[in-house]
Amino acid sequence: MTQAARLSSFYQLAPANLQAMIALSASVKKSSLGARLVELVNLRVSQINGCGVCIDMHWRDLIKQGADPRHLNAIAGWREAPSSFFSDSERAALNWAEAVNALPHRQPGDDDFARLKEHFTETAIAELGYAIAVIRGWNVINASLHNQIPEVPAPGF
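### Some details on the packing of aromatic side chains
As enumerated under the stated definition, the model contains two aromatic pairs in all. With 6.4 Å between their ring centres and 75° between their planes, Phe85 and Phe86 make a pair best called edge-to-face. The exposure classification of Phe85 matches that of Phe86, with both residues buried. Consider the rings of Trp96 and Phe113, whose centres lie 5.5 Å apart with planes at 55°: the pair is tilted. Of the two residues, Trp96 is situated in helix H6 (residues 88-101) and Phe113 in helix H7 (residues 110-117); the sequence distance between them amounts to 17 residues.

### Details of the layout of surface pockets
The space that makes up the second largest pocket amounts to roughly 170 Å³. Around the second largest pocket, the lining residues are Gln3, Gly50, Cys51, Gly52, Val53, Asn142, Ala143, His146, Asn147, Gln148 and Ile149. Of all elements in the fold, only helix H4 (52-64) and helix H8 (122-144) reach the threshold of two or more residues within the lining of the second largest pocket. Grouping the constituent residues of the lining of the second largest pocket by class yields four nonpolar, seven polar and no charged.

### Comments concerning unusual backbone geometry
A cis geometry characterises the amide bond from Leu103 onward to Pro104, with omega recorded as 5°. Secondary-structure assignment places Pro104 in the loop between H6 and H7. One non-glycine residue, His146, lies in the positive phi region at around 55°. If you trace the backbone, His146 turns up in the segment after H8. Using a relative accessible area of 17% as the deciding quantity, one classes His146 as buried.

Reading the values: rules and limits
Residues numbered from 1 in each chain as written. Predicted model: local features only at pLDDT ≥ 70, side-chain atom pairs only at ≥ 80, totals over all residues. Heavy atoms only, no water. Phe/Tyr/Trp six-rings, centres within 6.5 Å; stacked < 30°, edge-to-face > 60°. Buried < 20%, exposed > 50% of the residue type's maximum accessible area, 1.4 Å probe, protein only. Helix = DSSP H or I, 4+ residues; strand = E, 2+ residues; numbered from the N terminus. 1 Å grid on protein atoms, 1.4 Å probe; cavity = no way out; pocket = protein on both sides within 12 Å on 5 of 7 lines; lining within 4 Å. Points joined across faces, edges and corners; volume = space filled by probe spheres on them. Nonpolar A, V, L, I, M, F, W, Y, C, P; charged D, E, K, R; others polar.

Shown next as structure tokens:
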């Protein structure tokens, strides 16, 4: 069942806010985390939040980066995926992203944070926090307003 978008011109309605979200997304992609890790987190959080627009966008971006489609198909079950699919640091970031995204229903535990600290500096952990926050924000907007996966992606997306 496809639901119609609730606001037909959402992206034109609050241009200053849109530009701020785009700027935050761009800064996260330029962080020390690297484009692949940011996109893996974006894809996983978007899957959990049921945001089809973001799932489509971030899957396509990972494919453009040269990611193996089979590895991307396994991201929803990354814990069971072979070690060659995702590095230890990617697994720590995915674990943290899932834990943070589950707020307020689940609090990230000390063990989650300890696992993260094994692989990331404090700066990278802060950057990961922004990455999770901005993708969750995009998911909330797109899913709540029923924004649709475009038949043909816009140029550059």
